[in-house]
Amino acid sequence: MKLNTKVRYGLRAMLDIEKNFHGKGILQKEISQRQDISLKYLDSIITGLRNGGLIINTGGKGSGYKLAKPASRIYVYDIYRAFEPELTLVNCLCDSMECNRTGLCPAKDFWFELNIHLKSLMQNISLKQVMDGTFKF
């Protein structure tokens, strides 16, 4: 499994906003420079984070961004969901997919349990824990 770039860069952008926010909104160009992400690509990441309810503008146009809620209440899975549908490690776990091996494949139970554990892990590690390095596996 490989997380897409928007998820990875989204986490970096969120960490950057948290680290550098001191009462004044963080400008997109500042994030771009510090994180070495092109402004054009960062624009789509910022849109996803905004639409996901994770960041908000501090004022009008050009005012910068801040977290929509405390970092302790934003979880890695929230960032993942800003860019991806529900986590499914393998296709046979998708509701929309019909697997002709259902009932015959002992591996499906393994993938199902692994999916549950990974999702739970992501749902229980906050942005603050990532920032502080206090997360536990």
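Quick caveat, the model's predicted, so the values are computed rather than measured.

Conventions adopted
- Residues numbered from 1 in each chain as written.
- Predicted model: local features only at pLDDT ≥ 70, side-chain atom pairs only at ≥ 80, totals over all residues.
- Heavy atoms only, no water.
- Core = buried A, V, L, I, M, F, W, Y, C linked by side-chain atoms within 4.5 Å.
- Buried < 20%, exposed > 50% of the residue type's maximum accessible area, 1.4 Å probe, protein only.
- Helix = DSSP H or I, 4+ residues; strand = E, 2+ residues; numbered from the N terminus.
- Contact = heavy atoms within 4.5 Å.
- 1 Å grid on protein atoms, 1.4 Å probe; cavity = no way out; pocket = protein on both sides within 12 Å on 5 of 7 lines; lining within 4 Å.
- Points joined across faces, edges and corners; volume = space filled by probe spheres on them.
- Nonpolar A, V, L, I, M, F, W, Y, C, P; charged D, E, K, R; others polar.
- Axes fitted to C-alpha atoms, helices over the stretch in contact; angles between N-to-C directions.
- Left-handed = near helix turned anticlockwise from the far one by under 90°.
- Salt bridge = Lys/Arg side-chain N within 4 Å of Asp/Glu carboxyl O.
- Phe/Tyr/Trp six-rings, centres within 6.5 Å; stacked < 30°, edge-to-face > 60°.
- Lys NZ or Arg CZ within 6 Å of the ring centre and 35° of its normal.

Visitor: Just give me the short version of the nonpolar core, but keep the residues and values in it.
Guide: With 27 residues, the main nonpolar core has Met14, Leu49, Ile55, Leu67, Ile79 and Leu127 as its most contacted residues. Contributions of two or more residues to this core are made by helix H1 (5-20), helix H3 (39-51), strand S2 (65-67) and helix H4 (76-81). For Met14, the residues in contact, after removing those within four places along its chain, are Leu49, Leu54, Ile55, Leu67, Ile74, Ile79 and Leu127.

Visitor: An account of the layout of surface pockets is requested, with residue identities and associated values reported.
Guide: Here the largest pocket is characterised by a volume of approximately 260 Å³. Sorting the residues of the lining of the largest pocket by element identifies H1, H4 and helix H5 (107-124) as the ones contributing at least two each. Of the residues that constitute the lining of the largest pocket, the class distribution is 13 nonpolar, no polar and one charged.

Visitor: Please give an account of unusual backbone geometry that cites residues and values.
Guide: The phi angle at Asp36 is positive, at roughly 55°, despite the residue not being glycine. Within the secondary structure layout, Asp36 lies in the loop between helix H2 (28-35) and H3. Asp36 sits in the exposed class, given a relative accessible area of 68%.

Visitor: Before we move on, can you summarise the packing of H2 against H3 with the specific residues and values?
Guide: In contact at an axis separation of 10 Å, H2 and H3 are set at 115° when each is read in the N-to-C sense. Regarding H2 and H3, the two cross each other, and that crossing is right-handed. Between H2, through Gln28, Lys29, Ile31 and Ser32, and H3, the contact on the second element is made entirely by Leu39, Leu42, Asp43 and Ile46. Across the contact of H2 with H3, the residue classes break down as four nonpolar, two polar and two charged.

Visitor: Go over the environment of Arg81, please, and point to the residues and values.
Guide: Its location among the elements puts Arg81 in helix H4. Among the residues examined, Arg81 registers a relative accessible area of 39% and is labelled partly exposed. In this structure, the C-alpha to C-alpha distance between Arg81 and Ile45, residues 36 residues apart in sequence, is 12 Å.

Visitor: Can you explain the pattern of salt bridges? Please cite residues and give values.
Guide: Once their charged atoms are close, side chains differing in charge can pair, the charge on each being opposite to the other. This model, assessed by the stated rule, comprises four salt bridges. As a salt-bridge pair, Arg34 and Asp16 come within 2.8 Å of each other at their nearest N and O atoms. With Arg34 in helix H2 and Asp16 in helix H1, the pair connects residues that are 18 residues apart, well separated along the chain. Looking at Asp16, the relative accessible area reads 4%, which means it is buried. Glu86 serves as the salt-bridge partner of Arg81, at 2.7 Å between the closest nitrogen and oxygen. Several salt bridges converge on common partners, so that one network encompasses Arg81, Glu86 and Lys119.

Visitor: Hey, could you go over the packing of aromatic side chains for me, with residue numbers and the actual values?
Guide: Enumeration according to the criterion identifies four aromatic pairs in this entry. Ring centres of Phe110 and Trp111 lie 5.0 Å apart, and the angle between their planes is 65°; on these two criteria the pair is classed as edge-to-face. A relative accessible area of 32% means that Trp111 is categorised as partly exposed. Ring geometry for Phe135 against Phe137: centres 5.5 Å apart, planes inclined by 75°, an arrangement best described as edge-to-face. In this structure, Arg12 packs its charged tip against the face of Tyr9, placed 4.6 Å from the ring centre.

Function-wise, these values are silent; they only describe arrangement.
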